[in-house]
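Structural description and commentary
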Amino acid sequence: MKEKWWKEGVVYQIYPRSFKDSNGDGIGDLRGIIEKIDYIENLGVDIIWLNPVYKSPNDDNGYDISDYYNIMDEFGTMADWEELLDKLHKRGIKLIMDLVVNHTSDEHKWFVESRKSKDNPYRDYYIWRKGKENKEDGKEIEPNNWLSFFSGSAWKYDKTTDEYFMHLFTKKQPDLNWENENVRKEVYKMMTWWLDKGIDGFRMDVINLISKVDGLPDVPKVKGEKYSWGGDYFMNGPKVEEWFKEMNKEVLSKYDIMTVGECPGTTPQEGINFTAEENRELNMIFQFELMGIDSEIVKWNTKQFELKDIKRIIKKWQLVIEKGGWNSNYLMNHDQPRALSRFGDDKNYRKESAKMLATFTLTLPGTPYIYQGEEIGMVNVAFEKIDDYKDVETINYYNEMVFDKKENKEKIMKQIHQMSRDNSRTPMQWDDTENAGFTTGNSWIKLNPSYKEINVENDLKDENSIYNYYKKLIKIRKENKELIYGKYIEINVENEKVMSYILEKENSKILVVINFFGDNETLDLKGYEKELLISNYENSLEVELKPYEARIYKIK
Ligand code: ISL
Ligand code: CA
């Protein structure tokens, strides 16, 4: 297997709005990140993925870009950004930027032009269609019945030209028309511009959505619903690989960079197609299978996850690596609830289960991603009032369920407490002073009151903190290349509570044992002559695993 820096590196994701505010306006910013470089470096991570910092009206917190070539005012200036890049590079930390090109903001100049008239040169930059006649009552309806990611139709009517434009996300995020060669050229030009500024790669937002099926047909109707999920018609569509290859040839292949494509709804076979080296497309993708193990049909309908699903998913995605591609491993990001609250126990075993989950993410083949706050065991928040939520997906969901569908408000708030994206977007908890040291002003979103106890300052002081455990794990990962390039061999497959696997590289082996739940378990490891590298408990017994206990051994 070829060695690559992006296989060996550990990624730390920064959501700038919530990381550190440097000027008291309540919004995290680039100078705030600069202030915290020591902190990041000390953790031992190698690569930063920065969520979008481009000009944006912030309908979807920066994922609605109105100018790809400039920095959002709230976040600072291009000079601040350049200083950040320079300072990171001086410490040997790489920076990958978010690339959001499935859609733009409706305030982007291309869209402002596009909506003006049917013969505008930018018209075809977006996906415009006429409405169609509803057979039942003869009234005009949307061009098709696709549901948007964030509730309601994926189309919006525009009076000026009496047509509809497609938006798979919010109404302020019109989808670009990748069929148009000029669109692709503009995107490649913009990517080149950023790469020439010295960045180290891209995290590509919903990049497997750029190719929609021909004719944009209706999806089979879900009974009682006006709009239905059309994923099959726009995920991994017919031209997606052709355009990945083109992008690679025109742009990516010219630089020593890393690319990770966010690809919801992707199978391992597609993962292989997108990432196998000889295909010259992407380096790795984010697949979503683990994010679905605790819900049914829609993310809001949650259920208890089962370890057998985790085992099955992890095993099956090893195929991607075996076939010459690469994986990425994450348990959360800015779109997901806090992993610790979701897959661990944030009340009785907060530290133990946070360390357990860290052990899992950092010992699987593939590149690991840590999301800000995960390294100190931050937990979900439960705001009482819907007004305290800022995320457009959450607010749209609440409105649809409570006002349109007359669902019980308490039930919906409970779902929001569990699954809202704002769970991961409350500000980083630096210390126990007012506003957790995040801002001296009014924070753009309320803080999680847990900051009195859970904060960076406490974790830095405590030798046995979650933060220091992450630090040790990262070091262990670097010192034991089996954890990066080793072959994944699952053992005790039938065990429904404990996950254990061996990573083998040239006859050298690492054994990982993880109790995923809050009960004591027994596991016979007598057959292995081994040395303990790390555990989340001080005194590990030979056969008994304590609640959420995780251990890494070197096999002799
Ligand atoms: O957030 C989700 C579920 O709660 C996902 O469905 C998410 O919308 C999907 O993974 C795409 O996410 C990305 O693109 C969105 C943006 O809102 C997300 O923040 C981004 O990560 C549109 O740009
Ligand atoms: Ca600020």
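Residues numbered from 1 in each chain as written. Chains lettered and ligands numbered in written order. Predicted model: local features only at pLDDT ≥ 70, side-chain atom pairs only at ≥ 80, totals over all residues. Heavy atoms only, no water.

Here we come to the coordination of the calcium ion (ligand 2). Every protein donor of the calcium ion (ligand 2) is listed here as D21 (OD), N23 (OD1), D25 (OD), I27 (O) and D29 (OD), and their distances to the metal cover 2.2 to 2.3 Å. If you list the donors of the calcium ion (ligand 2) from N- to C-terminus, the spacing comes out as D-x1-N-x1-D-x1-I-x1-D. The exposure class assigned to D21 is buried, which follows from its relative accessible area of 4%. When its relative accessible area of 3% is taken as the criterion, D29 is described as buried. (Donors = N, O, S within 2.8 Å, 3.2 Å for Na, K, Ca; no water. Buried < 20%, exposed > 50% of the residue type's maximum accessible area, 1.4 Å probe, protein only.)

The next subject is the UniProt feature "domain: Glycosyl hydrolase family 13 catalytic" (unreviewed entry) in the protein chain. The positions UniProt marks with the feature "domain: Glycosyl hydrolase family 13 catalytic" (unreviewed entry) are residues 13-425. Between the end C-alpha atoms of residues 13-425 there is a gap of 12 Å, over a span that is 31% helix and 14% strand. (UniProt positions renumbered as here; feature names shortened; annotations may be inferred. Helix = DSSP H or I, 4+ residues; strand = E, 2+ residues; numbered from the N terminus.)

This paragraph deals with the sheet that holds strand 13 (residues 284-286). Spatial ordering of the open sheet is given by 13-12-11-5-2-1-17-16, a layout of 8 strands whose pairing is parallel. The strands lining the two open edges of the sheet, one partner per strand, are strand 13 and strand 16 (328-329). (Pairing = 2+ DSSP bridges.)

All right, on to the sheet that holds strand 19 (residues 498-505) then. Within the open sheet, the 5 strands sit side by side as 18-19-20-24-22. Their pairing is antiparallel. For this open sheet the edge positions go to strand 18 (487-491) and strand 22 (530-535), each flanked by a neighbour on one side alone. Across the sheet, the axes of successive neighbouring strands diverge by a mean angle of 25°, strand direction being ignored. Each of strand 22 and strand 24 (550-555) is contacted by helix 16 (residues 466-479), which is oriented at about 140° to strand 22, the strand it contacts most. (Axes fitted to C-alpha atoms, helices over the stretch in contact; angles between N-to-C directions. Contact = heavy atoms within 4.5 Å.)

Another aspect to go through is the nonpolar core. In this structure, W81, F360 and F516 are the most contacted members of the largest nonpolar core, which totals 151 residues. Residues contacting F360, with those up to four places away along its chain left out, are L290, I310, I314, L331, M499, Y501, I514 and F516. Within the second largest apolar cluster, 16 residues are counted, among which are W146, W155, V206 and V219. (Core = buried A, V, L, I, M, F, W, Y, C linked by side-chain atoms within 4.5 Å.)

For K221, the location among the structural elements is in the loop between strand 11 (201-204) and helix 7 (231-234). Judged by its relative accessible area of 60%, K221 falls in the exposed class. Sequence separation between K221 and F438 is 217 residues; the distance between their C-alpha atoms is 47 Å. Not counting the four nearest positions on each side in its chain, K221 is found in contact with N145, K226 and S228. Reaching out from K221, the side chain makes a polar contact with the backbone oxygen of E225 at a distance of 3.0 Å. (Polar contact = N/O pair within 3.5 Å; in protein donor to acceptor, adjacent residues only side chain to side chain.)

To continue, consider the pairing of strand 9 (residues 155-158). One ladder, built from 4 bridges, connects strand 9 with strand 10 (residues 163-166); its direction is antiparallel. Following the sheet pairing, Y157 is matched in strand 10 by Y164. The antiparallel hairpin formed by strand 9 and strand 10 contains 4 residues in its connecting segment, where D162 sits at a positive phi of about 55°.

This part takes up unusual backbone geometry. The backbone of S151 sits at a positive phi, close to 80°, despite the residue not being glycine. Along the chain, the position of S151 falls in the loop between strand 8 (140-141) and strand 9. Residue N236 is not a glycine yet carries a positive backbone phi of 50°. Considering the arrangement of structural elements, one finds N236 in the loop between helix 7 and helix 8 (240-250).

Okay, the site of ligand 1 next. The immediate surroundings of ligand 1 are formed by 18 residues, with D60, D205, E262, K299 and D335 found nearest. Separating an oxygen atom of ligand 1 from a side-chain N or O atom of D205 is a distance of 2.8 Å. In the model, an oxygen atom of ligand 1 is placed 2.5 Å from a nitrogen or oxygen of the D335 side chain. Among the residues forming the shell around ligand 1, the class breakdown is 6 nonpolar, 3 polar and 9 charged. (Near = heavy atom within 4 Å. Nonpolar A, V, L, I, M, F, W, Y, C, P; charged D, E, K, R; others polar.)

A few words on the packing of helix 6 (residues 181-196) against helix 8. Each pair of packed helices can be summarised by the angle the axes make with each other and by the distance between the axes. Packing of helix 6 against helix 8 leaves a shortest axis separation of 10 Å and a crossing angle of 40°. Taken as axis vectors, helix 6 and helix 8 run oblique relative to one another. The interaxial crossing formed by helix 6 with helix 8 has right-handed handedness. From helix 6, R184, Y188 and M191 reach across to helix 8, where they touch W243, E246, M247 and E250. Broken down by class, the residue content of the contact of helix 6 with helix 8 amounts to 4 nonpolar, no polar and 3 charged. (Parallel < 35°, antiparallel > 145°, perpendicular 65-115°, else oblique. Left-handed = near helix turned anticlockwise from the far one by under 90°.)

Before going further, it helps to spend a moment on the environment of H417. Mapped onto the elements, H417 comes out in helix 14 (residues 409-419). A C-alpha to C-alpha distance of 14 Å links H417 and S295, two positions 122 residues apart in sequence. What H417 contacts, discounting residues up to four positions off in sequence, is N380, V381, A382, F383, Y389 and N423.

For helix 8, the set of buried residues is V240, W243, F244, M247 and N248. Buried residues along helix 8 cover an arc of 140° about the axis, so they all sit on one side. Contacts made by the buried residues of helix 8 are with helix 6, strand 11 and helix 9 (268-275). (Arc of directions from axis to C-beta.)

Bringing the pattern of salt bridges into the picture now. Considering all chains together, one arrives at 56 salt bridges under this definition. With its nearest N and O atoms 2.8 Å apart, the salt bridge here joins R203 to D205. The buried category is assigned to R203, whose relative accessible area is 1%. One salt bridge in this structure joins E306 and K308, with 2.9 Å as the shortest N-O distance. Overall, the relative accessible area of 46% leaves K308 in the partly exposed class. Linked by salt bridges that have partners in common, D60, K299, D335, D391, E393, R421 and R425 make up one network. (Salt bridge = Lys/Arg side-chain N within 4 Å of Asp/Glu carboxyl O.)

Its 16 residues place the ends of helix 10 (residues 307-322) 23 Å apart at the C-alpha level, agreeing with the 22 Å of an ideal helix rising 1.5 Å per residue. Turning to helix 10, its buried residues number three or more, namely L307, D309, I310, K311, I313, I314, W317, Q318, V320 and I321. Packing partners of the buried residues in helix 10 comprise helix 9, strand 13, helix 12 (350-363), strand 18 and strand 19. (Expected span 1.5 Å × (residues − 1).)

When its domains are assigned, the protein chain resolves into domain 1 (5-103 + 181-469), domain 2 (109-166) and domain 3 (486-555). Placing a centre on the C-alpha atoms of domain 1 and another on those of domain 2 gives a separation of 29 Å. Taken together, the 26 residues of domain 1 in the interface contact 18 residues of domain 2. When the two sides are added together, the surface that domain 1 and domain 2 hide from each other amounts to roughly 2000 Å², 64% of it contributed by carbon and sulfur. Contact with domain 2 buries surface across domain 1, with L216, D218 and Y227 losing the most and accounting together for 32% of the total. Scanning the region where domain 1 abuts domain 2 turns up 1 salt bridge. The partner of D218 in a salt bridge is K132, and the shortest N-O contact between them spans 2.8 Å. At the surface where domain 1 touches domain 2, the tally comes to 10 residue pairs in polar contact (both at pLDDT 80 or more). Of all the elements in the fold, those that place two or more residues in the side of domain 1 that touches domain 2 are helix 6, helix 7 and helix 13 (392-404). For the side of domain 1 that touches domain 2, the element with the highest residue contribution is helix 13, accounting for 5 residues. (Domains from an automatic or database assignment. Buried area = accessible area lost by both parts, 1.4 Å probe.)

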